[in-house]
Amino acid sequence: MKKFLLGTNWKMNKSLAEAINYTKQLMPIIKKYESFDFFIIPPYTHLWKIKEEIQTANSLLKLGAQNMHEEDFGQFTGEISPLMLKEIGLDIIELGHSERRQYFNETDEAVNRKALAALKHGFNPLICIGEKLENKNYGVSKEMLAKQLKIALTDISAAAIGHFWIAYEPVWAIGVGGTPAETPYVNEIHNFLRSVLIERYGKNGDDIPLLFGGSVNINNASDYAQLENVDGLFIGRSAWEPQLFEEIMQSVKTVIG
Ligand code: PEP
């Protein structure tokens, strides 16, 4: 059975002690929710230690990095390569988050190069796309999203289906100050993204997990989760405490089963 995906990106937050504490609290919680696949995406510096905790507990919790350089090694000061992340034994590489695009000039083309490198090294890229408020206001959200998606998926063949996920995160909905998206809007956009994936991959496009993110919280999580083409939720702030994350799990479980 295809499991519903639930995960969180911590961004640049949590000390190592907090990270370990969080992981230790989360692992017993997720055992109670077998119909979900869970993942956490901490800062790079915490990954080795958290991986050790996951292995020691023999937990199914998946672990990801927030970014990756596409080259295996080289003169790229400050960057982290696929080989380095592979040594840790990560599952997921998050790519193209709106903060990477906004503050670090990450382009669709760069996301594509990184996604190809991630797949080559056996990671599951979690490719983030999302339109800006001005795109929405001009009525060109779908055009922007189709462009981001098509460029990000260039040269990624149908054989890779099952090994990459897409997260739709409208930029205007993300983070403190973000406005949660209306459920019908999310429904419309996810249906559209599914049609783009089917146009690109045929019927197999149905098997590509589409996650939704952007101010997901206890009040809206179950509304989003029950939409036909929402296969998971990608959560920031509202999942940064294990107990609050569990409240979301409970709420989503009421609609997912
Ligand atoms: C995010 O940044 O990807 C995100 C979903 O954050 P938040 O839930 O805090 O809006």
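Residues numbered from 1 in each chain as written. Predicted model: local features only at pLDDT ≥ 70, side-chain atom pairs only at ≥ 80, totals over all residues. Heavy atoms only, no water.

1. Comments concerning the site of the ligand
Rule in force here: One heavy atom within 4 Å of a molecule or strand makes the whole residue count as near it. Any pair of nitrogen or oxygen atoms within 3.5 Å is treated as a polar contact; in protein, a donor-acceptor pairing is required on top of that, and neighbouring residues in sequence qualify only through side-chain atoms on both sides. For accessible areas, the Shrake-Rupley method is used with a probe of radius 1.4 Å. Any residue's cover is judged against the shown protein chains and nothing else. Residues are grouped as follows: nonpolar covers Ala, Val, Leu, Ile, Met, Phe, Trp, Tyr, Cys and Pro; charged covers Asp, Glu, Lys and Arg; every other residue, Gly included, is treated as polar.
In the neighbourhood of the ligand, the contacting residues comprise K11, H97, E169, A173, I174, G175, G214, S215, F234, I235, G236 and R237. One of the side-chain nitrogen or oxygen atoms of E169 is found 2.7 Å away from an oxygen atom of the ligand. Between the ligand and R237, the relevant distance is 2.6 Å, taken from an oxygen atom to a side-chain nitrogen or oxygen of the residue. Calculation on the ligand without its partners gives an accessible area of 300 Å², and the protein chains cover 99% of this total. A breakdown of the residues in the shell around the ligand according to their chemical character gives four nonpolar, five polar and three charged.

2. Things to note about the sheet that holds strand β7 (residues 210-213)
Where we set the bar: By this definition, two strands are paired if DSSP reports at least two bridges between them. The numbering of helices and of strands both runs from the N terminus, where a helix is a DSSP run of H or I of at least 4 residues and a strand a run of E of at least 2. Each axis is a line fitted through C-alpha atoms, and for a helix only the stretch in contact is used; angles between axes span 0 to 180 degrees, taken between their N-to-C directions. In what follows, a contact means two residues having at least one pair of non-hydrogen atoms within 4.5 Å.
Within the closed barrel, the eight strands sit side by side as β1-β2-β3-β4-β5-β6-β7-β8. Their pairing is parallel. Between one strand axis and the next, the sheet turns through 25° on average, direction left out of account. Direction of pairing for strand β4 (residues 92-95) relative to strand β5 (residues 124-129): parallel, over a ladder of four bridges. Of the residues in β5, the one forming a bridge with E94 is L126. Across the sheet, helix α5 (residues 108-120) lies against β4 and β5, angled at about 160° from β5, the strand it touches most.

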